Amino acid sequence: MRGNCPKLFTVFTENSSSFANRTSITLNFRHFFLGFAYILLFICLALSIILWIPLHTHQTQVPSVLFDRASLDHLPELVVLNNSLPLPTQKNCTYYTCFDVYKCSHTHSGKIGVYVYPVVEFVDKDKVPITRKITLEFYNILKAITKSVYFTSDPNEACLFIPTIDLLNQNRIRPKDVGKALTSLPYWNDGRNHLIFNILPGSMPEYYPFLEVDIGYAMMTSGGFSSLTYRSGFDVSVPIYSPLAGEAAELRKQNFQDRKWLVISSQPNIHEDFREVISEMAAEHPKFLVLNSCASSPLDPRLRCRDEEIYNFPDILLNATFCLVVRGARLGQPALSESLAAGCIPVVVSDSYVLPYAEVIDWKSAVLQLYEDDLSKIMDLLQCVSSDRISEMRRKGNWIYTRYFSSMERIALTTLRIVNDRVFPHIGRSYSDWNDPDERHLACNTFALPIGPPRSQGFTAVVLTYDRLESLFHVLERISKAPSLAKIVIVWNNQFRDPPPISSWPRLPKPLQIVRTKRNQLSNRFYPFPEIETEAILAMDDDIIMLTTDELEFGFEVWRQFPDRIVGFPSRTHVWDGPNNRWKYESEWTNNVSMVLTGAAFYHRVYNYYYSSAMPGDIKSWVDDHMNCEDIAMNFLVANLTGKAPIKVAPRKKFKCPECVNADLLSVDLSDMTAHMAERSECINRFAHIYGRLPLRSVEFRADPVLFKDNLPDAFKRFNEIGSL
Amino acid sequence: MQAKQRYILLFLSCAFLALCYFGGYRLKGLFPDRGRHWPSLDCYMDSEELMEHRSFWSLPPKQRQEEAKANTVREQCRMETCFDFSKCVSGFKVYIHPVEEMVAMSSTYRKILNVITESRYHTTDASQACLFILGLDTLDRDSLSSDYVRGMQSKLNSLPHWNGGQNHIIFNFYSGTWPDYTEDLGMDIGRAILAKASISVQNYRPSFDISLPLVHKEHLERGGDILPVYAENIPAASKSYLLAFKGKRYVYGIGSETRNSLYHLHNSRDVIMVTTCKHGKSWKELKDERCEEDNAEYDRYDYEVLLHNSTFCLVPRGRRLGSFRFIEVLQAGCIPVLLSNNWVIPFSEIIDWKTSAIWADERLLLQVPDIVRSIEAERVMALRQQSQLLWHMYFSSIDRIIFTTLEIVLQRIQQHLWRDGRVWNSFPGGLVTLPYYADTPSRLPWNQQSSASAAALVTGGQKDKNASQFTAVIYSQHQTGSPFVPATSSGPLLHLLRVVSRSQHVARIVVVWASDAPKPPPSRWPSLTRGIPLHIVVPQQKQNIGERFRPLDLIETDAVFSLDEDATLTTDEIDFAFHVWRHFPERIVGFPARTHYWDDTKGQWGYTSKWTNEYSMVLTGAAIYHRYYHMLYTDWLGPLLHKTVDQSRNCEDILINFLVSHVTRQPPIKVSQRKQYKNSNLSTVTSRSPWNDPDHFLQRQTCLNTFVALFGYMPLIRSAVRFDPVLFKDPVSNLRKKYRQMESRKYATQKKILPSDPVSCWVGEERKGVPIR
């Protein structure tokens, strides 16, 4: 709604300024100011009303108590009753046994509704607060949730409830009292469908890897689960947020330093058992830097020391390839986030630690994990890691950090997203959605299997025609002899003339369907018509009458081996026109093939979807406007998706200038011809510009039958009429 | 007029002020941050905690770990506490306890043991073993079942290497029995890893146990090809039913609720849910009011037809969480709709099931048709492809299931290995990916092309060099007393060296000297143009013909051009083959093609070198392939396959074709070659030539059939395509063509050099038929 405001505003100003013109001309100076005041007031009024309307509707959704950070200073107090008996945490909970899915089932939007309790301060009967003041991180979590798409202010619509007691750090709360406070929440219901945000569980001296609060059936997030306490598919493991990580990420953007150290161990106060092993290794390897807190200021998180040398933290992480993340008293360590942010590959040595978001993130490609027993072997391992893998892991780690770790807001939303995927698994994000920095294409899935469809499925010939009936009939008669042809689809691109009655079509042994189009566009030939039922499409121009049955059958055979490529007959190539500094389209007899024209070519029907809906830039409309280059566009599309070259089948024939057909240049004039070729060169340059690179790949081979041109009698050869004119 | 204006002005001002007064506070929401007092909020972690200043350890980590290792109870077993890594330092070997002949064993367990015994993992030396497998059938631990082995506990405890179950894997399909079907095995497995079907989230020990699929007795022991399933069941058009299920229901008792309510979904149009109450002996006593009706509907549909004609198939729980449906549905090319709450789906540690199955919730059974209907066509296609892929890679036969299990354990032992979800979930999968070959997937042959196109512009240096050049590996195997004198001015080997060294792309030439004659001294080898390094390698076991595929450190390039010393090629042919290979780095690209055929009269596979319209093998006498296949050949193939080659001193080129076809499921590629025959009349093609030794062919044919038996199926795929240069034999001037030598007759005269000029197209393999004395 807000997007509309500026528009309305301009409408008003235009009206009023014309009004102002009229008054200023006819009335005197004073009247002009008076009029001006009118207008000003009128505009103000209009503006206030316009702004008021959206805010008014918006207002009902956001409870002011959350939206307003100022009110955190004086929260309403709520006394925790001592007689309530909290249900102990259920260790065996799973999503199916402890989560009431019926509360979520009525939403068809595929989004869980999340309700956030109003923020109050719980105090015991002596008016002493049971938790310390709300923290910035928890405030950010609540803010992120209330602003997210999942938020609902109606507890009856909610599927997930977020208590607003700040439990991020167990050291800041009184666990017994918090358990009682939770039971006093109005929708608590023994904790069902509640999500407790915690990051640092356990406290001295045991540091139990689970929040020691009785939360009943509630789910929990934590930064320190061990695989013994983590309830798989129910709890969510989150990263230990560190404000220093953000600084490291900023630093990383600014400078690209040489990574001088191979490994850094930067954690302060690692246990003596580990420190001994680490120091021993560091003594042998000069590229191993071991840091500890500084004796002079042991509490300054920005300083680390090696004996007397002082290093700035987190800056030093930018100088290392690998960063050691060893377990401390708690399993999860903030060093994980910090090193990911700094582009330093974490080496996690923490037995049974459940890595953050382990449910969805595949950590194998971003961190190295080792057992605590193997700590001493670490240098041997790290020295063997190839530079390819280092850069891959660094890229991946950085991607994970910015996407899921970089702020409390992201941490909260990622958590909700995971819960949402559990409730609506059929629309949940897949492995590649969660893990792959590169955008995954449908094409990858379509060609997941290494082989093409069976021969018995056959192919569908799609023939685009306008009005050249005679030549069309000739083509149809020819191709219909191919045994693998399943069906012919005629795309009738002429809106001014009806297709001739069935009686006048040639009698064909194969089914034929005519599709009429609404506009005379070249893109119509690549439209994903439901009439096309086979995976293979043979695109044909209506004047390619020289193809033999053997050639078609062989072409289909080749396509079945390479279903992700364009496999066809007329080939072209692109060459770099050095003097003019641009690409040139080449149709001469050359040793290279980088395009196969769709005047006679097989391709997979999935590319029709891409051509119609996922072509970058304005290529599609440009092609339709200029009535040219649709075949070049298709070659660019496929090459860009697969990174592979097309395959030319059989030797060159004298095709009747397939390019000319598209432009309907029936009388081939020499000057027209050159203009036409120039336009096609222009296409290549234009498309390359839109793609940002030239995706075409050039090859020097073509596909022939095994015994082609071998000195054998024809009787021994399966495909004989290949290359004959 | 004036007064009127003033009133209007006054009114407007009042209205504005009123609006500001009543509604203005809402405007504040627009600028919440401006001019407000912000209470300063604490950080949840103070610097003391950040620096772990007061960190306190109730137990030092070493001690805590020792205690955990000593005291961990079964439910809390994890790799770090219950597994002895020290046994796996020398390698990942599996030992099978001796099988007691007296104790009955189910056919499935026998298959499992067979598969492991014949695999590369197996060892007979318990002291070398990392993993131990019982010789006792633990698959069926339902005490009412006929396969139940009694007195298991005492048998276990008396095993010499049992050691409290440490480093053991226990395979199990059924546990518990009527009426509650618990997951109790009726024995104490101690610290053993449990590989079990129907395991529940509550009992699954993460990163320790493994969830298996439940398989039939008839499940293939090995092999299991992708093709027939694919061909029949993935038509492009949608299938006739949307969602289908046909099976028993239990009327009452554990796990019966879900199946009992399935009839609500049945609409006999596109959602077919038919159940029967008939099971066991006494079903009639327990039947409910729907049974008659259900049974009638049940008989209307054929199970197989239903599965094959449905897009989605329901996989509901039975008495236990997992059911045979899972495997059956995958096999039928149907997309599974899982309806089994708390079930740990098979191999979920490595497989991303989100892209290949639909999850449903038993509690929301009635929503299942809506969920299934809401999935758009493209996603259905992708789901079907991916589920077929997973079926093929990990479930289609017992050996794949067992090897996947072992590889998962290996991956846990070596946590730092890089085989991530991308490798496991895309073709050809984790089983054929040796993690120690390279540490990024982009170095594997099948990923090379995509990564090359993506990173073509940014990389440089050594990697590019490795991709743009090849190493020629020439296998020299001349017998003593042969007329060949290696270092004289002529001879096929020298000629070949010269031809190869003229190629622009050759990085290094390696001669594998398998001849019994002593290696000629370095001075007698020619120096090659452009300083191309020439290495002579003498294999340790000369008679072992598989030595030519040993992964040598000398081979640094991705491409290996494997040549027999008597190969007659021109430089153009070599360059062209390399050009083609760079576009198909996962395949074997080469010249001499052979084919296999089914000999119906003998009921076995036949092998032929005749000129046919199709081929399925390209012999390594002159072929180019990725060096990764050297490693697969040497390390990955089972010992029996190696033994076959070693004993026959033959067939190694057939085996590598089997290997590559098995891995890639694609045929090799033949490129055109000048024909090397003297008289081009028909007789050379059809009639037997003198060198065409029938014994030799017989031997190769035997090899072929042995390989088929050991692979479990025929992996070779035929192709009718040959790759030629673009202008090959086109009516244009030869000067315009890039690879001119490939058709000009002039160069063919060089064949005079050959002392034993072949009469037909290729001679490479037949030489090996001569028994070596």
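From a predicted model like this one, the values you see are computed outputs, not experimental measurements.

Conventions and cut-offs
Residues numbered from 1 in each chain as written. Chains lettered and ligands numbered in written order. Predicted model: local features only at pLDDT ≥ 70, side-chain atom pairs only at ≥ 80, totals over all residues. Helix = DSSP H or I, 4+ residues; strand = E, 2+ residues; numbered from the N terminus. Contact = placed C-beta atoms within 7 Å. Buried ≥ 20, exposed ≤ 12 C-beta atoms within 10 Å, placed from the backbone. Nonpolar A, V, L, I, M, F, W, Y, C, P; charged D, E, K, R; others polar. Pairing = 2+ DSSP bridges. Axes fitted to C-alpha atoms, helices over the stretch in contact; angles between N-to-C directions. Parallel < 35°, antiparallel > 145°, perpendicular 65-115°, else oblique. Left-handed = near helix turned anticlockwise from the far one by under 90°. Right-handed = clockwise from strand over helix to strand, strands pointing away. Expected span 1.5 Å × (residues − 1). pLDDT = per-residue confidence, 0-100.

### Some thoughts on the overall build of chain A
- Scanning chain A from terminus to terminus reveals 21 helices and 25 strands.
- Considering only contacts in chain A between residues 6 or more positions apart, those separated by 24 or more positions represent 76%.

### Concerning the overall build of chain B
- Scanning chain B from terminus to terminus reveals 25 helices and 24 strands.
- Taken over 773 residues, chain B has a buried fraction of 43%.
- Expressed as a percentage of contacts within chain B between residues at least 6 apart in sequence, the contacts between residues at least 24 apart total 75%.

### Here we look at the interface of chain A and chain B
- On the side of chain B, 115 residues touch chain A, which itself brings 122 residues to the contact.
- The greatest single-element share of the side of chain A that touches chain B, amounting to 13 residues, is contributed by helix H2 (residues 29-59) of chain A.
- Of the residues belonging to the side of chain A that touches chain B, the class tally is 63 nonpolar, 32 polar and 27 charged.
- With five bridges joining them, strand S25 (residues 701-705) of chain A and strand S24 (residues 721-725) of chain B adopt antiparallel strand pairing. Each residue of the ladder has a partner; that of A:Ala703, found in S24(B), is B:Phe723.

### Considering the packing of helix H22 (residues 639-648) of chain B against helix H25 (residues 694-711) of chain B
All names here are of chain B.
- Contact pair H22 / H25: the axes reach a minimum separation of 10 Å and the direction vectors enclose 170°. Regarding the angle of H22 to H25, the classification is roughly antiparallel. Within the contact between the two elements, H22 uses Leu640, Leu641, Thr644 and Ser648 and H25 uses Gln699, Cys703, Thr706, Phe707 and Leu710.
- Tallied by class, the residues present in the contact of H22 with H25 amount to five nonpolar, four polar and no charged.

### So, the packing of helix H23 (residues 652-664) of chain B against H25(B)
Residue and element names in this part refer to chain B.
- As a packed pair, H23 and H25 sit with axes 10 Å apart at the nearest point and diverge in direction by 30°. In terms of orientation, H23 and H25 fall into the roughly parallel class. Along this stretch, H23 crosses H25, giving a crossing that reads as right-handed. Residue-level contacts link Ile654, Leu655, Phe658 and His662 of H23 to Arg700, Cys703, Leu704, Phe707 and Phe711 of H25.
- Counted by class, the contact of H23 with H25 contains seven nonpolar, one polar and one charged residues.

### As for the pairing of strand S15 (residues 459-465) of chain A
Residue and element names in this part refer to chain A.
- Counted residue by residue, S15 has seven buried out of seven residues, so it is predominantly covered.
- Neither face of S15 is exposed, since Phe459, Ala461, Val463 and Thr465 on one face and Thr460, Val462 and Leu464 on the opposite face are all buried.
- Sheet topology note: the S15/strand S16 (residues 485-492) ladder contains seven bridges and is parallel. The residue bridging Leu464 from the neighbouring strand is Val491, located in S16.
- Chirality of the crossover, the property in question, places the unit of S15, helix H15 (residues 469-479) and S16 among those that are right-handed.
- In terms of strand pairing, S15 meets strand S18 (residues 536-541) through six bridges, oriented parallel. Bridging across to S18, Thr460 finds its partner in Ile537.

### A word on H25(B)
All names here are of chain B.
- Look at H25: 26 Å from first C-alpha to last across 18 residues, which is about the 26 Å you get at 1.5 Å a residue.
- Every buried residue of H25 is listed here: Arg700, Gln701, Cys703, Leu704, Thr706, Phe707 and Phe711.
- For H25, the elements touching its buried residues are strand S19 (593-599), strand S20 (604-608), H22 and H23.
- Of the residues one or two after H25, Gly712 is the one with positive phi, at around 90°.

### Some thoughts on the sheet that holds S19(B)
Residue and element names in this part refer to chain B.
- Judged by pairing direction, the sheet is antiparallel, and its three strands sit side by side in the order S20-S19-S21 without closing on themselves. The open sheet has two edge strands, S20 and strand S21 (617-618), and neither has a second partner.
- In the sheet, S19 pairs with S20 via five bridges, with the strands oriented antiparallel. In the strand pairing of S20, Thr595 is matched with Thr608.
- Against the sheet, H25 touches S19 and S20, its axis set at about 135° to S20.

### Topic: the sheet that holds strand S5 (residues 195-197) of chain A
Residue and element names in this part refer to chain A.
- Pairing within the open sheet is parallel, and its three strands lie in the order S5-S6-S7. Each edge of the sheet is formed by a strand with only one pairing partner; in this case those strands are S5 and strand S7 (236-237).
- As paired elements, strand S6 (residues 219-222) and S7 share two bridges and run parallel to each other. Counted as the bridge partner of Thr221 is Val236 from S7.

### Considerations on unusual backbone geometry
- For the peptide bond that leads from A:Phe313 to A:Pro314, omega is 5°, which places it in the cis range.
- In this structure, A:Pro314 sits in the loop between strand S11 (309-312) and strand S12 (320-326).
- In this structure, the amide linkage connecting B:Phe427 to the following residue, B:Pro428, adopts the cis form with an omega of 0°.
- In this fold, B:Pro428 is placed in the loop between helix H16 (421-424) and helix H17 (445-454).
- A positive phi angle, close to 50°, is found at B:Ser268, a residue other than glycine.
- Relative to the assigned elements, B:Ser268 resides in the loop between helix H8 (256-260) and strand S10 (271-276).
- On the basis of neighbour counts, which here come to 11 C-beta atoms within 10 Å, the residue B:Ser268 falls in the exposed class.

### A look at H23(B)
Residue and element names in this part refer to chain B.
- Counted at 1.5 Å a residue, the expected span for H23 with its 13 residues is 18 Å, and the 18 Å between its end C-alpha atoms agrees.
- With respect to burial, H23 is a largely interior element, 13 of its 13 residues being buried.
- After H23 finishes, the residue Arg665 shows a positive phi value of roughly 55°.

### Quick notes on the confidence of the model for chain B
Residue and element names in this part refer to chain B.
- Confidence in the prediction of chain B, expressed as mean pLDDT, is 82, and 84% of residues score 70 or more.
- Confidence drops under pLDDT 50 across residues 228-236; counting only partners more than four residues distant or on other chains, this segment forms 20 contacts.
- Every residue in residues 677-691 scores below 50 in pLDDT, and together they form 19 contacts with partners more than four places removed in sequence or on other chains.
- Among the prediction metrics, the complex's ipTM stands at 0.85, with pTM recorded as 0.87.

### Focus on the environment of A:Cys344
Residue and element names in this part refer to chain A.
- Here Cys344 shows up in the loop between helix H9 (335-341) and strand S13 (345-349).
- For the pair Cys344 and Ile264, spaced 80 residues apart in sequence, the C-alpha separation works out to 9.0 Å.
- For Cys344, the residues in contact, after removing those within four places along its chain, are Ile264, Leu317, Ala320, Thr321, Phe322, Cys323 and Ser339.

### A short note on the confidence of the model for chain A
Residues and elements named next belong to chain A.
- Looking at chain A, pLDDT values average 85 and 88% of them are 70 or higher.
- In the model of chain A, helix H1 (residues 5-26) stands out as the element of lowest mean pLDDT, 42, in contrast to S7, which has the highest, 96.
- A low-confidence stretch, residues 56-65 (pLDDT under 50), is modelled with ten contacts involving residues beyond four sequence positions or located in other chains.
- Here residues 657-668 is a poorly scored stretch, pLDDT under 50, and it has 23 contacts once near neighbours within four places are set aside; other chains count.

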